[in-house]
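# Working through the structure, step by step
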Amino acid sequence: MHRVRLPIRLVPRKDAQIRPLAHYCVFFVIAVFWIFMARSDEPPTFGLPPPADPAIQALFPWFGAAFFLVGLVGSASALLKMLPGSPFFHIDLAGDGLTIRRWVTRRHFSWHGVPAFAPMQVERNVKGGIRIDHYTVAMERDETGVPRDVLRIAAGEYGAADAAADATVLSGWLNALRTMALEGRLTGAVIEVPIAFQPSMRRMTAR
């Protein structure tokens, strides 16, 4: 454990962005190739008869626009997370709560208002199988009693262990900070930073 005083900042690990960056670059390359080929004098038909309506054929280049936007936004997101200090993506932990910065939006949650944290596993069907993502979430129930997450943190982007372990450790750590705040012991206190999150921690000046 590493002992520091709040406020501190957690920034995404650069090595955690390599895989997403490569993934979105593939989308980008596919989109550029599709748009280029679709705008050529003899666009590919992939063994199918070309459409008789020229208006439909003129839409072919736009089919690659979706891949282009996904690749562009995804690549930009990964690159911005790799900037020193990650000014557009980070988590600030302070005595009054935590603040999550994504792109240009900033959401603040007070320790007294945020629910308890817990690890959550999300399974998604993807090409070639099932993808499992791990998050740290704060859950509350709506008027009908259905649970929903107030905030969700991709723990693997900030921790140095495997994503499942990171989500569990981050949940326990944030719950400990929340308990200290509820008991009035967090302001000015020296806190312990878990080993897995020390590489992504940056000291901040008190506000």
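Quick caveat: nothing in here was measured; it's all calculated off a predicted structure. (Residues numbered from 1 in each chain as written. Predicted model: local features only at pLDDT ≥ 70, side-chain atom pairs only at ≥ 80, totals over all residues. Heavy atoms only, no water.)

### Comments concerning unusual backbone geometry
Applicable threshold: For helices the rule is a DSSP run of H or I covering at least 4 residues; for strands it is a run of E covering at least 2, with both sets numbered from the N terminus onward.
Leucine 6 connects to proline 7 through a cis peptide bond whose omega is 5°. Looking at where proline 7 falls in the secondary structure, it is placed in the loop between strand 1 (2-5) and strand 2 (8-10). Of note in the backbone geometry, tryptophan 103 takes a positive phi value of approximately 55° without being a glycine. Tracing the backbone through its elements, the reader meets tryptophan 103 in the loop between strand 4 (97-102) and strand 5 (105-110).

### Observations concerning the sheet that holds strand 3 (residues 89-94)
In plain terms, the rule: Note: two strands are recorded as paired if DSSP finds a minimum of 2 bridges between them. Here an axis means a line fitted to C-alpha atoms, over the contact stretch when the element is a helix, while the angle between two N-to-C directions is reported on a 0 to 180 degree scale.
What the 5 strands build is an open sheet, ordered 5-4-3-2-10; its pairing is antiparallel. Every interior strand has two partners, whereas the edge strands, strand 5 and strand 10 (201-203), have only one. On average, each strand axis in the sheet is inclined to that of its neighbour by 20°, with strand direction left out of account. The pairing of strand 4 with strand 5 spans 6 bridges and is classified as antiparallel. For glycine 97, the partnering residue across the bridge sits in strand 5 and is serine 110.

### Observations regarding the pattern of salt bridges
Rule in force here: Here, a salt bridge means any side-chain nitrogen of Lys or Arg that lies within 4 Å of a carboxyl oxygen of Asp or Glu. Remark: exposure states derive from per-residue accessible area (1.4 Å probe, protein chains only) relative to the maximum for the residue type, with buried under 20%, exposed over 50%, and partly exposed in between.
Per the counting criterion, the structure on display carries 7 salt bridges. Here arginine 148 makes a salt bridge to glutamate 140, at a shortest N to O gap of 2.5 Å. Owing to a relative accessible area of 41%, arginine 148 belongs among the partly exposed residues under this scheme. Overall, glutamate 140 belongs to the partly exposed group, its relative accessible area being 31%.

### What about the nonpolar core?
Stated precisely, the cut-off is as follows: Side-chain atoms within 4.5 Å are what join buried Ala, Val, Leu, Ile, Met, Phe, Trp, Tyr and Cys residues into a set we call a nonpolar core.
The biggest cluster of nonpolar side chains holds 32 residues, and the ones touching the most others in it are Ile8, Leu93, Trp111, Leu151 and Trp173. Sorting the residues of this core by element identifies strand 2, strand 3, strand 4, strand 8 (147-153), helix 4 (163-182) and strand 9 (190-193) as the ones contributing at least two each.

### Structural notes on a nonpolar patch on the surface
As a reminder of what qualifies: Exposure above 30% relative accessible area and the lack of any salt bridge qualify a residue for a patch; like charges then connect within 9 Å, and the nonpolar side chains Val, Leu, Ile, Met, Phe, Trp and Tyr within 5 Å. Surface exposure here means Shrake-Rupley accessible area, sampled with a 1.4 Å probe, where a residue is shielded only by the protein chains that are shown.
Judged by side-chain polarity, Leu72, Val73, Trp103 and Val104 come together as a nonpolar surface patch covering roughly 380 Å² of accessible area. Tracing the chain through its elements places valine 104 in the loop between strand 4 and strand 5. Overall, valine 104 belongs to the exposed group, its relative accessible area being 67%.

### Describing the environment of phenylalanine 109
The condition is simple: We call two residues in contact when some of their heavy atoms are within 4.5 Å.
Position of phenylalanine 109 among the secondary structure elements: in strand 5. What makes phenylalanine 109 buried here is its relative accessible area of 9%. Counting along the chain gives 13 residues from phenylalanine 109 to aspartate 96, while the straight-line C-alpha distance between them is 8.4 Å. Residues within four places of phenylalanine 109 in sequence aside, it is in contact with Asp96, Gly97, Leu98, Ile100, Val114, Val150 and Leu151.

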